[in-house]
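# Structural characterization, general
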Amino acid sequence: MAISSSSSSMQDILKQRKYPFIFSFFLLLIFVTFLLISNSQKSPIFVAIDFAQRTSKSKSSIPADNPDLNPNTISIENVPRGNNITINPDSNGPLNNNYTINTDSDTLINNELETFSNDWKLCPGPVAVDYIPCLDNWKAIKAIRSRRHMEHRERHCPVPSPRCLIPLPVGYKLPVSWPKSRDMIWYDNVPHPKLVEYKKEQNWVKQSGHYFVFPGGGTQFKDGVNHYIEFIEKTFPTIEWGKNIRVVLDVGCGVASFGGYLLDKNVITMSFAPKDEHEAQIQFALERGIPATLSVIATKKLAFPDNAYDMIHCARCRVHWHADGGKPLMELNRILRPGGYFIWSATPVYKKDEGHKNVWKVMVNLTEAMCWKMVAKTYFKRARVGLVIYQKPDSSSCYENPKENNPPMCNQNHRLNSSWYTPLDSCLLPLATSSYEWPAPWPQRLNNKPLSLSLETDTEEIFNADTKHWAALVSDVYLGGLAINWSNVRNVMDMNAGYGGFATALIDRPLWVMNVVPISGPDTLPIIFDRGLIGTYHDWCESFNTYPRTYDLLHSSFLFGNLSQRCDLVDVAVEMDRMLRPGGYLLVQDTFQMIKQLGSILRSLHWSVTLHQEQFLVGKKDFWRPKDTAKI
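Figured I'd write up the structure that's included with this text. For clarity, every value in this text was computed on a predicted model and none was experimentally measured. (Residues numbered from 1 in each chain as written. Predicted model: local features only at pLDDT ≥ 70, side-chain atom pairs only at ≥ 80, totals over all residues. Heavy atoms only, no water.)

### Observations concerning the environment of K449
With respect to the secondary-structure elements, K449 resides in the loop between strand 12 (385-391) and helix 11 (459-478). C-alpha of K449 to C-alpha of I527: the two residues are 78 residues apart in sequence and 9.1 Å apart in space. Each residue touching K449, except ones within four places of it in the same chain, is listed here: L455 and E460. (Helix = DSSP H or I, 4+ residues; strand = E, 2+ residues; numbered from the N terminus. Contact = heavy atoms within 4.5 Å.)

Following this line, the structure appears as structure tokens:
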């Protein structure tokens, strides 16, 4: 009956010559069919690399800490967590130059968020604006019996982590943008005039109206830091800034002018000093947009890998290198690349009074025992600067027949690989028996096979695939597809850096990246330094060694799933809120479930939160601060 009735209706339509209706009906039918076919097609999230030849070698797997990933996801094995290269057949679309963003993404994530509420309060006290939990734990610091080795400047993290929020300095403004910030910053953002008075004769920093101004001077930079940098290369031309020497550590850096001006020569410098012999020097450095971190050579190793830095620099850095049997200098030996250089610019190099001569004699004996070669020693009369340049050996041949077993060679069987909370060594790290290979000149070393890369099968192929993956993701999504104003981004942190692919993809932009390798994951930090990048180890269940409001963008790729099994995600969010500047961004790639959990916490902090492609979260911190103060 239904078929007969339908045929009769169609005949009536034809008799009445309602051809426009028939034409419209068939157009609608074609359109619906097209949509059904389109939606059945699977478009990859990552199309920049041809995986056709790799999938036969790789196993289809779901990372253990990412159970929410689609079961059809294909991943390359052994890629460090945080840098998983995946093809997701159920993604919303390919990452290409035509990638579009759903403008309703903010509404979408709001509807998906679980409710998280917390009665946020400000951290108490007059110095709360600069609070660093692991360095300002006064209860623990007061309990330290000895301060002989600067133990009070080391990390002493409170348990539990405080959940109060850092107040803003009165009059805080969006920071001066780079490169102008290298030479001037807002006074109200870092209101510490004591350093101006303390160093007024040395031209470190001056106060001018609403600004702090940095003339490029310093204790050893009487004619300006550029002149000092050129003087070093003229003294020993082998240095070749920005080609042979790429990664530098500046010990006791002042306001980091040395590292700031080396940026012009394609040299990336990790400037560090303790908190704080000279008021807020590291805070000044980071506000200027210069790489810097808080650290001290005391009783524990620095949070860097062995054989990392091309050069280490100390200009009157007030470190007693010969103290405690020479442990501080042996720590430099550990992190200095074989064949690398140590520049010591200090008064014992040239002053002839009895005290300085004794220090120099001890340094000569210690460096000779470590097989360091003095390649240059000079005094620049006009600037009254004396410096000596040492070179670390590139093989263990010098260590084979020592006159005395002092210092001894480290026993590798009992030596801890990690430098996180590890006591300083009083021994020398063995080197390769044959000559050590120096990295390729910059910028080739960025994409060359790293010297530290494992010799296991397929590791080079995985490394190259990882580099291509991040190049495509950053170009097609991060820079062009997300609601981030990259022109305001200068200080960047990759919280789970892997091989450093994210930083590599951003290398041509006017920013720098602190590559953090979590201690709970694969140790890829040596590879990052081999590439000519900087970074550090860290445990994200604790606070990071930086002042509040010192980063413009925090990046994380599949970090939080594993992390949330060891510590509370709320504490991690509070720490990110502490580190990030108002107006700064958090960019997270993670599972949808983890993004929902994190997003709800961020919204309780009054951040704006957007979701893209159901796997990228962009959070933007506001100027909001709670009115009440916590009672601790």
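### Considerations on helix 8 (residues 281-288)
A large share of helix 8 lies buried, amounting to eight of its eight residues. Those residues of helix 8 that sit buried are Q281, I282, Q283, F284, A285, L286, E287 and R288. Directly after helix 8, the chain includes G289, whose backbone phi takes a positive value near 90 degrees. (Buried < 20%, exposed > 50% of the residue type's maximum accessible area, 1.4 Å probe, protein only.)

### Considerations on the packing of helix 15 (residues 569-579) against helix 16 (residues 592-604)
Axis angle and axis distance: for two packed helices, these are the angle between their axes and the distance between the axes, and together they describe the pair. One can describe the packing of helix 15 onto helix 16 by two numbers: an axis separation of 10 Å at closest approach and a directional angle of 55 degrees. The angle between the axes of helix 15 and helix 16 places the two elements in the oblique class. Here helix 15 runs over helix 16; the crossing is right-handed. Contact with helix 15, carried on its side by L569, V570, A573 and M576, involves M594, Q597, L598, I601 and L602 of helix 16 and no other residues of that element. Partitioning the contact of helix 15 with helix 16 into residue classes produces eight nonpolar, one polar and no charged. (Axes fitted to C-alpha atoms, helices over the stretch in contact; angles between N-to-C directions. Parallel < 35°, antiparallel > 145°, perpendicular 65-115°, else oblique. Left-handed = near helix turned anticlockwise from the far one by under 90°. Nonpolar A, V, L, I, M, F, W, Y, C, P; charged D, E, K, R; others polar.)

### Focus: the state of the cysteines
All told, the structure shown has six disulfides when counted by the stated rule. In this model, C134 is linked to C157 through a disulfide, with the two sulfur atoms separated by 2.0 Å. Here C134 and C157 share a disulfide; its torsion about the S-S bond, 110 degrees, makes the bridge right-handed. Here C134, found in the loop between helix 3 (105-112) and helix 4 (138-142), pairs with C157, found in the loop between helix 4 and strand 3 (184-186); they are 23 residues apart in sequence, far enough to count as distant. Its relative accessible area of 22% is what places C157 among the partly exposed residues. Paired through a disulfide, C410 and C427 show a sulfur-sulfur distance of 2.1 Å. Across the disulfide from C410 to C427, rotation about the S-S bond amounts to roughly 95 degrees, and the bridge is consequently right-handed. (Disulfide = S-S within 2.5 Å.)

### Some thoughts on unusual backbone geometry
The omega torsion of the bond from V159 to P160 falls at 0 degrees, within 30 degrees of zero and hence cis. Here P160 lies in the loop between helix 4 and strand 3. Cis rather than trans, the peptide bond between W442 and P443 has omega equal to 10 degrees. Along the chain, P443 falls in the loop between strand 12 and helix 11.

### Remarks on helix 16
Given 3.6 residues per helical turn, the α-helix brings residues three or four places apart onto the same face. Across its 13 residues, helix 16 extends 19 Å between first and last C-alpha, which sits within 8% of the 18 Å expected from 1.5 Å per residue. Every buried residue of helix 16 is accounted for by M594, I595, K596, L598, G599, S600, I601, L602 and S604. Immediately beyond the C-terminal end of helix 16, within one or two residues, lies H606, with a positive phi of roughly 70 degrees. (Expected span 1.5 Å × (residues − 1).)

### Description of the packing of aromatic side chains
Applying the stated criterion across every chain yields a total of 26 aromatic pairs. With a centroid separation of 6.4 Å and an interplanar angle of 10 degrees, the aromatic rings of W344 and W360 are classed as stacked. Of this pair, W344 sits in strand 10 (residues 336-345) while W360 is found in helix 10 (residues 354-369), placing the two residues 16 residues apart along the sequence. When its relative accessible area of 15% is taken as the criterion, W360 is described as buried. Relative to F502, the ring of Y478 lies with its centre 6.0 Å away and its plane at 70 degrees, an arrangement referred to as edge-to-face. Pair noted here: Y478 is in helix 11 and F502 is in helix 12 (residues 501-505), with a separation of 24 residues, a long-range link. Neither Y478 nor F502 differs from the other in exposure class; each is buried. Clustering of aromatic rings is evident, with ring pairs tying together Y187, F212, F214 and F284. Of note, K173 hangs over the ring of W186, and the distance from its end group to the ring centre comes to 4.8 Å. Residue placement shows R288 over the ring face of F214; its charged tip is 4.1 Å from the ring centre. (Phe/Tyr/Trp six-rings, centres within 6.5 Å; stacked < 30°, edge-to-face > 60°. Lys NZ or Arg CZ within 6 Å of the ring centre and 35° of its normal.)

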